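Summary of the model geometry
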Amino acid sequence: MLIVDNAPGHPAHLDDFHPNVKVVFLPPNTTSILQPMDQGVIANFKAYYLRRTFAQAVEATDRESGKTLRDFWKSYNIYQAIINIIHDALRPVASLCRMRLPLTFL
């Protein structure tokens, strides 16, 4: 599930990118309620995700495959972004959560 706000920059047809991805748009005028999180959790998550994505871009262009940065970004899509988040970005969060939860939740 991909939850996005209803900013005008988000295409309305996000549901069509992949059959395994369900896109849910937040109701209008709720961003201001959620905005305080942007200073902490969301900002840290965005920073980690951007570092990881740019590292992938550098790695893809450094290989002998001859792939350019433009080729990398042309081939990068919503599905790959979600896989990137699930595969790498949530691992540190999950390990931190396990350290703080009581043993009954592990």
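In the block above lies the structure referred to throughout.
Residues numbered from 1 in each chain as written. Predicted model: local features only at pLDDT ≥ 70, side-chain atom pairs only at ≥ 80, totals over all residues. Heavy atoms only, no water.

**So, the layout of surface pockets**
Gaps left between atoms show up when a probe the size of a water molecule is rolled over them. Note the following rule: Of the grid points, spaced at 1 Å and generated over the protein atoms alone, those admitting a 1.4 Å probe that cannot get out make up cavities, while open sets with protein on both sides within 12 Å along at least five of seven lines make up pockets; any residue with an atom within 4 Å of a point is treated as lining. Grid points are joined across faces, edges and corners, and a volume is the space filled by probe spheres set on the points. Only DSSP runs of H or I with at least four residues qualify as helices, and only runs of E with at least two residues qualify as strands; both kinds are numbered from the N terminus onward.
If you add up the space inside the second largest pocket, you get close to 220 Å³. Of all the secondary-structure elements, those providing two or more residues to the lining of the second largest pocket are helix H2 (41-62), helix H3 (69-75) and helix H4 (78-100). Of all the elements, H4 adds the most residues to the lining of the second largest pocket, at five residues.

**Some points on the environment of Ala60**
Put simply, the rule reads: Any two residues whose heavy atoms approach within 4.5 Å at even a single point are treated as in contact.
Inspection of the secondary structure puts Ala60 in helix H2. As for Ala60 and Phe72, which are separated by twelve residues in sequence, their C-alpha atoms are 7.1 Å apart. Not counting the four nearest positions on each side in its chain, Ala60 is found in contact with Ser65, Lys67 and Phe72.

**Examining a nonpolar patch on the surface**
Defined as follows: Only residues whose relative accessible area exceeds 30% and that form no salt bridge enter a patch; like-charged residues are grouped when within 9 Å of one another, and nonpolar side chains (Val, Leu, Ile, Met, Phe, Trp, Tyr) when within 5 Å. A 1.4 Å probe and the Shrake-Rupley method give the accessible areas. Residues count as covered only by the protein chains that appear here. The salt bridge definition used is simple: a Lys or Arg side-chain nitrogen within 4 Å of an Asp or Glu carboxyl oxygen.
Residues Leu50, Phe54, Leu69 and Trp73 make up a contiguous nonpolar surface patch of about 390 Å² in total accessible area. Counting residues per element, the ones that place at least two in the nonpolar patch are H2 and H3. Tracing the backbone through its elements, the reader meets Leu50 in helix H2.

**What to know about the packing of aromatic side chains**
Any pair of aromatic rings gets described here by the distance separating the centres and the angle formed by the planes. Quick note on the threshold: Each Phe, Tyr or Trp ring, with Trp reduced to its six-membered ring, pairs with another whose centre is within 6.5 Å; inter-plane angles below 30 degrees give stacked pairs, above 60 give edge-to-face pairs, and intermediate values give tilted ones. Three exposure classes are used, based on accessible area relative to the maximum for each residue type with a 1.4 Å probe and protein chains only: buried under 20%, partly exposed in between, and exposed over 50%.
Here the structure, examined in full by the defined rule, presents four aromatic pairs. Look at Phe54 and Trp73: their rings are 5.9 Å apart centre to centre, the planes differ by 80°, and that puts the pair in the edge-to-face class. Of this pair, Phe54 sits in helix H2 while Trp73 sits in helix H3; the two residues are 19 residues apart in sequence, bridging distant segments of the chain. Taking the relative accessible area as the measure of exposure, Phe54 reaches 46% and is therefore partly exposed. When its relative accessible area of 36% is taken as the criterion, Trp73 is described as partly exposed. The rings of Phe54, Phe72, Trp73 and Tyr76 are connected pair by pair, giving a single aromatic cluster.

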